[in-house]
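# Topology and contacts: notes
One letter stands for each residue in the lines below.
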Amino acid sequence: MTSLRRLMSCAAAGTATALLLASPAFAFEPSRGEAPARTRFVGNLEVDHQFNAIATVTFSDGSSSSLGDALLGVNAGVAHPLTSDGLFEVQAVMGFLISRINASNGSAIFWDFPLEVTAHANVGPLRLGAGPALHISPMMRGDGFASGTNLNFGTTVGAVVRAEYRLSEHWGVGFCYSWLRLSANGQSGDASRIGGSFGWYL
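This write-up is about the structure you can find in this document. Note that this is a predicted model, so its numbers are computed, not measured.

## Some words on the environment of Gln50
Position of Gln50 among the secondary structure elements: in strand S1 (residues 40-50). For Gln50 and Gly195, which are 145 residues apart along the polypeptide, the C-alpha to C-alpha distance reads 8.6 Å. Each residue touching Gln50, except ones within four places of it in the same chain, is listed here: Gly68, Asp69, Leu71, Ala191, Ser192 and Arg193.

So this is what it looks like as structure tokens:
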């Protein structure tokens, strides 16, 4: 009788365990893979410093200001995945950069219109990329004290390197370096830059 009771107890315990494991709370489901990477909208707000100024203005009080010392700009475009997991991407963005000097008797302004096509690798939170950049018809314009400084630079090809730390799926902060030379009136000069960016993705 004792053996029969033990057998029945074991059978009941086994049945309870089987029912418990079969319940939704303990059911095993295979992990679902992430959706394939998709083409995304990309935008950047950028602040750059140009190593060699476009022009330097000296004011009556002896102070001076350099055009190109600080450039503010935005760009936008798309990032297209080259692999289904999004590890590698190609990106194309276009925008503008502007630098301005203001004074009571006039102003000077520099415009640049870069088009970048870069290849990127997403490694953890880091996004690293590099590629060519086409600078379309950069120009300098002035009025007042700078009224005789209007200058059109030739369209030129440079290169850009970008490194970004992704704060989330949609936001990131980064570093950029641009190499280029600007030419006008038979003369050319180095206009390479370094800067920081704040990026967003949709």
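Following the structure, the description resumes.
## Observations concerning the layout of surface pockets
Taken as a whole, the largest pocket encloses approximately 420 Å³ of empty space. In this structure, the largest pocket is lined by 17 residues; those nearest its centre are Ala37, Arg38, Arg40, Asp85 and Glu169. Within this model, the second largest pocket holds a volume of roughly 220 Å³. If you go around the second largest pocket, you meet 14 residues; those closest to its centre are Ile54, Phe153, Leu182, Ser188 and Gly189.

## With respect to the pairing of strand S15 (residues 193-201)
Residues Arg193, Gly195, Ser197, Gly199 and Tyr201 point to one face of S15 and are all buried, whereas Ile194, Gly196, Phe198 and Trp200, pointing to the other face, are not buried. The sheet contact formed by S1 and S15 spans nine bridges and is antiparallel. Across the sheet, residue Glu46 finds its bridge partner in S15, namely Ser197. Across eight bridges, strand S12 (residues 171-179) lies against S15 in antiparallel orientation. Of the residues in S15, the one forming a bridge with Phe175 is Gly196.

## With respect to the nonpolar core
Leu67, Phe110, Phe153 and Leu182 are the most contacted members of the largest nonpolar core, which has 14 residues in total. Among the elements of the structure, strand S5 (88-103), strand S6 (106-112) and strand S13 (181-184) are those that each provide at least two residues to this core. If we ignore the near neighbours within four places in the chain, the residues touching Leu182 are Ile54, Phe110, Pro138, Phe153, Thr156, Gln187, Ser188, Gly189 and Ala191.

## Points about the environment of Phe110
Tracing the backbone shows Phe110 in strand S6. Expressed as a C-alpha distance, the spacing of Phe110 and Ile54, which sit 56 residues apart in the sequence, is 8.0 Å. Setting aside residues no more than four positions away along its own chain, Phe110 makes contact with Ile54, Leu67, Leu71, Leu97, Ile98, Ser99, Pro138, Met139, Met140, Phe153, Leu182 and Arg193.

## A short note on the side chain of Asp112
Examined against the element boundaries, Asp112 turns out to sit in strand S6. Engagement of the side chain of Asp112 in a polar contact is seen with the side chain of His135, the distance being 2.8 Å. Leaving out residues up to four positions away in the same chain, Asp112 has contacts with Gly95, Phe96, Leu97, His135, Pro138 and Arg193.

Rules behind the numbers
- Residues numbered from 1 in each chain as written.
- Predicted model: local features only at pLDDT ≥ 70, side-chain atom pairs only at ≥ 80, totals over all residues.
- Heavy atoms only, no water.
- Helix = DSSP H or I, 4+ residues; strand = E, 2+ residues; numbered from the N terminus.
- Contact = heavy atoms within 4.5 Å.
- 1 Å grid on protein atoms, 1.4 Å probe; cavity = no way out; pocket = protein on both sides within 12 Å on 5 of 7 lines; lining within 4 Å.
- Points joined across faces, edges and corners; volume = space filled by probe spheres on them.
- Buried < 20%, exposed > 50% of the residue type's maximum accessible area, 1.4 Å probe, protein only.
- Pairing = 2+ DSSP bridges.
- Core = buried A, V, L, I, M, F, W, Y, C linked by side-chain atoms within 4.5 Å.
- Polar contact = N/O pair within 3.5 Å; in protein donor to acceptor, adjacent residues only side chain to side chain.

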